[in-house]
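Listed here are the chains, written in short residue letters.
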Amino acid sequence: MGDSKEPPSEKTRARKVKEGVKGVFYGMAAHGHVTAALRTRMYLEHLFMFITLGDMLGVPVIPPYYSLKILPYAVPNIKSWKQRVFRERDFTDQVF
Amino acid sequence: MAGILETPFLWVIATIAIYAVAYWGYGKWIDRNIWRSDAKKTTPAHMYMDGVEYFPVSRYVLWGYQFKSVAALGPILGPFIGITYGWLPALLWIIGGNFFIGWLQDYGSMMLSVRKEGRSFGPITYEFTGAKGRTNLLAFVLFYLIIISAAFIALIAVFWNSFNGTTFVPTIGILIAGLLCGQLLYRVKMNVFAVTGIGLALVVLSLYLGTILPVKLPWGTWNVAVWGGICVLILYLAAILPTPTFIQPTNYLAFYPAYAAIILIIVGALATPFTNVTIKLPAGPFLNDPQGTLGPIWPILFVAIACGAISGWHSLVSSSSSSKQLDIETDALPVGGGAMLSEGLLALASLIAYMVLTPLFVFGDGSAANPAHSNIAAWPVGAAALVAPILGIQATAAILTTFFGLVLVIYALTVQALVTRFFRLVAGETWGEGRFRALGNKHVATAVGLGVPWAFAVTGSWWALWLYFGGANQLLAGLAIMLITIHLARVRARSRYSLVPAVFMVITTLAALVWQTATFAYSVWAYLQNDKTWILRNVRPPIQTDPNLLWAAIVINAVFVIIGAVLFAVGLSMAVRLFRSYSKSLAEARTRAPAAADGGTQEK
């Protein structure tokens, strides 16, 4: 804890400036595209989960036999899937 | 060396100094005393982290993202109309508007969304004004998007038609390079640096090809309509194709020339005492448009210069994605407020690019060959004049005007592609079910979202479209600040610092819409009294010049009356709902203790 009270060295400051500049450049050039790609993947995952585990929502899309076979692979994603699917969405969320 | 007072240099320094006071003085004060941002409070990015929409991002990254999302054509082209009243009022609005209103809106929208668990303006409007208020907002946004699209399609068409046709080949070059880069990146899985290198080499090559292979259409006054049609086809593809195939890589490549241009003109403006580039436009102030077209300085100037002073679009950006990725509350000031003040500097640089041109070139003389307020391609010439002495080349060099012209085109095209996609999504939300569900179809919605604006773009005059766009955009800003004010009233924080700007913006923009609507209504009335000059003034060639197309001039004037009236009615209805909600919130706040979850504590 004592270290944090010392003034940052020239090297630390230079590294911070470099990271800041890199961050700004990344934010301007790529961050929007990265989040857009993540959202596209999210929607595809939603579709996959809906097809494979649709009977959890009362919509059996594929026979339960295959759903059960896929279940072990889908389990790790169920929590975040539910969280995202149940989230309130609005047209103003789609601006970017 | 030119006298320092004859150059824009001192104005640049003064604006930077005032913005510094806005950020470190007024901004910090509002942040600490009104919003009471707390770095220890959990933000939605941490609370709902899912790695897709909600995740914490460094303030530097988010600043870059926010700036890139808000800085587009607005701060570049708004000053073109603003300087009608002299460059001094335009400069004062860029400084004062941003100081008291602009940054406050962007920052406040972000903080409001953060305090409302990352929700965007739709649900917040629903909470404050009920279901009718949200439907009202939806209707307003639909009209707003149509008007933006019309203004941008008109701009792209005019730019392709200007500069001796040198900007079309580079634009197509960037689009093809974008498509290729998308394939290399996502299919071939090539390294991003290598892809960027290949893409930029293609952009440079296409710029060179543009100067030696100009594309000129042979249809005279119909050229702009044809260029507009080509633009609509490109935008249709951009809106329909998956984003990683077209929009995403194209926007990525377009980023490099666009930001190189910004840096170049800011450096050019700062170097004017050494490059002998002097101010040539009159300082003003002129209380009315000297050419008698646009009307009085209030309210027109305040809607003409939107982004750079204040813009409603920013409130949607701040509350939709940036607020979900804010690491700590105290980052909202540098990200939201800082990005907006930086955009003010971009508007300043653009204003300077006009200031160094002659009045005749910028304003026109009102003749058929050089009509008033029509030379929207003036900016690249001014930018070239600022930058040429630094680069050691002639300001008239084709490569320079082509480069800056291309920058304008790609700014408009990339933003318009996103606007068209957004329109499609909003149309799906509005008409997805029920009797008009065909309008919610992906292809139909895109065709409507481009076809209607194209019709406006090729018939109405550019200044009329821009002022309607500015009116709608600034009204959205006023409504956004009202939402912020309602929240502050609800948590018993001092709301007058946002209430006064909100009232000013709502009254000014409604007045501008009334003025515009009345102008078009008067034009139709004058025609009925056998005076054709007014209706012809509001349209563009060939309708303006061909007597056989007089009926089209009457129709477009009448349509503009309807658009203005609808925008005014929807905006007024929304404003009334928000002001009612505000007074109700004030009354409720007096009778209850502040809720801890709102982040507000009782004012001492």
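Predicted model only: the values in this text are computed from it and were never measured. (Residues numbered from 1 in each chain as written. Chains lettered and ligands numbered in written order. Predicted model: local features only at pLDDT ≥ 70, side-chain atom pairs only at ≥ 80, totals over all residues.)

The number of helices and strands found in chain A is two helices and zero strands. A globule of 96 residues ought to have a C-alpha radius of gyration of about 12 Å, yet chain A, at 22 Å, is considerably larger. Taken along its principal axes, the extent of the C-alpha atoms in chain A is 65 × 35 × 20 Å. Taken over 96 residues, chain A has a buried fraction of 18%. (Helix = DSSP H or I, 4+ residues; strand = E, 2+ residues; numbered from the N terminus. Rg over C-alpha atoms; globule rule 2.2 N^0.38 Å. Buried ≥ 20, exposed ≤ 12 C-beta atoms within 10 Å, placed from the backbone.)

Now for the overall build of chain B. Per the secondary structure count, chain B includes 22 helices and zero strands. The C-alpha atoms of chain B give a radius of gyration of 24 Å, which matches the 25 Å a tight globule of 604 residues would have. C-alpha atoms of chain B, sized along the principal axes, occupy 70 × 65 × 55 Å. Taking as baseline every contact in chain B between residues at least 6 positions apart, the subset at least 24 positions apart corresponds to 84%. (Contact = placed C-beta atoms within 7 Å.)

Turning our eyes to something else, we now look at the environment of V524 of chain B. All names here are of chain B. Within the element layout of this structure, V524 appears in helix α20 (residues 496-528). V524 sits in the partly exposed class, given 17 other C-beta atoms within 10 Å. Expressed as a C-alpha distance, the spacing of V524 and M49, which sit 475 residues apart in the sequence, is 56 Å.

The subject of this paragraph is the packing of helix α5 (residues 87-115) of chain B against helix α12 (residues 297-304) of chain B. All names here are of chain B. Orientation of α5 relative to α12, taken along the N-to-C sense of each, is 60 degrees, at an axis distance of 10 Å. The pairing of α5 with α12 is recorded here as oblique in orientation. Crossing of α5 against α12: the hand is right-handed. Seen from α5, the contacting residues are P89, A90 and W93; seen from α12, they are I297, L301 and F302. (Axes fitted to C-alpha atoms, helices over the stretch in contact; angles between N-to-C directions. Parallel < 35°, antiparallel > 145°, perpendicular 65-115°, else oblique. Left-handed = near helix turned anticlockwise from the far one by under 90°.)

Attention shifts here to α20 of chain B. End to end, α20 of chain B covers 47 Å across 33 residues, agreeing with the expected 48 Å (1.5 Å per residue, within 8%). Backbone geometry just after α20 of chain B places N530 of chain B at a positive phi near 70 degrees. (Expected span 1.5 Å × (residues − 1).)

The next subject is helix α17 (residues 398-431) of chain B. Helix length check: α17 of chain B, at 34 residues, gives a terminal C-alpha distance of 47 Å against a target of 50 Å (1.5 Å per residue), a fit within 8%. The element α17 of chain B is largely enclosed, with a buried count of 25 among its 34 residues.

Residues and elements named next belong to chain B. At a minimum axis distance of 6 Å, the contact between helix α13 (residues 312-320) and helix α19 (residues 462-490) shows a crossing angle of 50 degrees. As summarised for this structure, α13 and α19 are arranged oblique, according to the angle between their axes. Residues G312, W313 and S315 of α13 touch α19, and the partners they reach there are N473, Q474, L475, L476, A477 and A480. Taken together, the residues of the contact of α13 with α19 sort by class into five nonpolar, four polar and no charged. (Nonpolar A, V, L, I, M, F, W, Y, C, P; charged D, E, K, R; others polar.)

If you look at the interface, chain B gives 32 residues, while chain A gives 30 residues. Counting only elements with at least two residues in the side of chain B that touches chain A, the list comes to α3 (59-70), α6 (121-161), α10 (247-270), α13 and α17 of chain B. If you tally residues by element for the side of chain B that touches chain A, the top one is α3 of chain B, at nine residues.

All names here are of chain B. The biggest cluster of nonpolar side chains holds 217 residues, and the ones touching the most others in it are I156, L351, Y354, L465 and L483. Top contributing element to this core by residue count: α6, with 22 residues. Those residues in contact with I156 that lie beyond four places of it in its chain are C231, V409, A412 and L413. (Core = buried A, V, L, I, M, F, W, Y, C linked by C-beta atoms within 7 Å.)

This part takes up the environment of A438 of chain B. Residues and elements named next belong to chain B. Looking at the element boundaries, A438 is found in the loop between α17 and α18 (442-459). You can call A438 exposed: it has 9 C-beta atoms within 10 Å. Separated by 343 residues in the primary sequence, A438 and I95 have C-alpha atoms spaced 46 Å apart.

Another point: the confidence of the model for chain B. Chain-level statistics for chain B give a pLDDT mean of 88 and a share of 97% at 70 or above. Two numbers describe this predicted complex: its pTM, 0.89, and its ipTM, 0.84. (pLDDT = per-residue confidence, 0-100.)

What follows is about unusual backbone geometry. Residues and elements named next belong to chain B. A cis amide bond links W298 with the next residue in sequence, P299, at an omega value of 10 degrees. With an omega of 5 degrees, the peptide bond between P541 and P542 qualifies as cis. Phi at N164 is positive, roughly 55 degrees, even though this residue is not glycine. Structurally, N164 can be placed in the loop between α6 and α7 (168-186). Positive phi, close to 70 degrees, is recorded for N530, a residue that is not glycine. Assignment of secondary structure puts N530 in the loop between α20 and α21 (533-537).

Turning next to the environment of L138 of chain B. Its place among the elements puts L138 of chain B in helix α6. In sequence terms L138 of chain B and G122 of chain B are 16 residues apart; their C-alpha atoms lie 8.1 Å from each other. Sequence-distant contacts of L138 of chain B, defined by excluding residues within four places in its chain, comprise F91 of chain A together with V426, E429 and T430 of chain B.

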